[in-house]
Amino acid sequence: MKTSHFRKRRQLPSPENQELRAEIDRTRNKIESATNHFQQVVDPTLIDCYIYELKAAQLRYQFLLRRFKRLEEV
């Protein structure tokens, strides 16, 4: 059985891709932070605040993941 000596080289991530990954990580941290704060507060105003922050971070995370997947397909 003959094996090929040619292997597909993996390209280095572009600066845009690296920055996008970093932004995804920062957004994931915001989700964790908002979740932790939400679980600890009792004031109704702060509960609303952290629900808003959590939802906004989750939507941003979804957006960034879609963008990242599109860049990976190219």
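What you see is a predicted model, and the numbers here were worked out from it, not measured in a lab.

Parameters at a glance
Residues numbered from 1 in each chain as written. Predicted model: local features only at pLDDT ≥ 70, side-chain atom pairs only at ≥ 80, totals over all residues. Heavy atoms only, no water. Helix = DSSP H or I, 4+ residues; strand = E, 2+ residues; numbered from the N terminus. Buried < 20%, exposed > 50% of the residue type's maximum accessible area, 1.4 Å probe, protein only. Contact = heavy atoms within 4.5 Å. Areas by Shrake-Rupley, 256 points an atom, 1.4 Å probe, with all protein chains shown as cover. Axes fitted to C-alpha atoms, helices over the stretch in contact; angles between N-to-C directions. Parallel < 35°, antiparallel > 145°, perpendicular 65-115°, else oblique. Left-handed = near helix turned anticlockwise from the far one by under 90°. Nonpolar A, V, L, I, M, F, W, Y, C, P; charged D, E, K, R; others polar. Polar contact = N/O pair within 3.5 Å; in protein donor to acceptor, adjacent residues only side chain to side chain. Expected span 1.5 Å × (residues − 1). Salt bridge = Lys/Arg side-chain N within 4 Å of Asp/Glu carboxyl O.

Describe in detail the overall build of the protein chain, supporting the description with residues and values.
Scanning the protein chain for helices and strands turns up two helices and zero strands. Put simply, the protein chain has 74 residues, and 18% of those count as buried. Within the protein chain, residue pairs in contact and separated by at least 24 positions form 68% of the contacts whose partners lie at least 6 positions apart. A total of about 6,900 Å² of accessible surface is found on the protein chain, and carbon and sulfur atoms cover 54% of it.

Can you tell me about the packing of helix α1 (residues 15-40) against helix α2 (residues 44-73), naming the residues and giving the values?
At a closest axis distance of 9 Å, the pairing of α1 and α2 adopts a crossing angle of 155°. By the angle between their axes, α1 is roughly antiparallel relative to α2. When the axes of α1 and α2 are compared, the crossing they make is left-handed. Tallied by class, residues from the contact of α1 with α2 come to 15 nonpolar, five polar and nine charged.

Lay out the side chain of Asn-17 in plain terms, naming residues and giving numbers.
Residue position: Asn-17 is located in helix α1. Polar contacts involving the side chain of Asn-17 include one to the side chain of Glu-72, which spans 2.8 Å. Residues contacting Asn-17, with those up to four places away along its chain left out, are Phe-68 and Glu-72.

Got a sec to walk through α1? Specific residues and values, please.
Because the α-helix completes a turn every 3.6 residues, residues three or four places apart line up on one side. A rise of 1.5 Å per residue sets the reference length of α1, with its 26 residues, at 38 Å; its end C-alpha atoms lie 38 Å apart and thus fit the reference within 8%. Those residues of α1 hidden inside the fold are in contact with α2.

Outline the pattern of salt bridges, listing residues and values.
Summed over the entire model, instances satisfying the criterion amount to five salt bridges. Glu-19 serves as the salt-bridge partner of Arg-26, at 2.7 Å between the closest nitrogen and oxygen. Here Glu-19 falls in the partly exposed class, since its relative accessible area comes to 46%. In this structure, Arg-28 and Asp-25 form a salt bridge, with 3.1 Å as the shortest nitrogen-oxygen distance. A residue pair is termed a helical-turn pair when its members lie 3 or 4 positions apart in one helix, as Arg-28 and Asp-25 do in helix α1 at three residues. Classification of Arg-28 as partly exposed rests on a relative accessible area of 36%. Taken together, the salt bridges that share partners define one network made up of Glu-19, Glu-23, Arg-26 and Arg-60.

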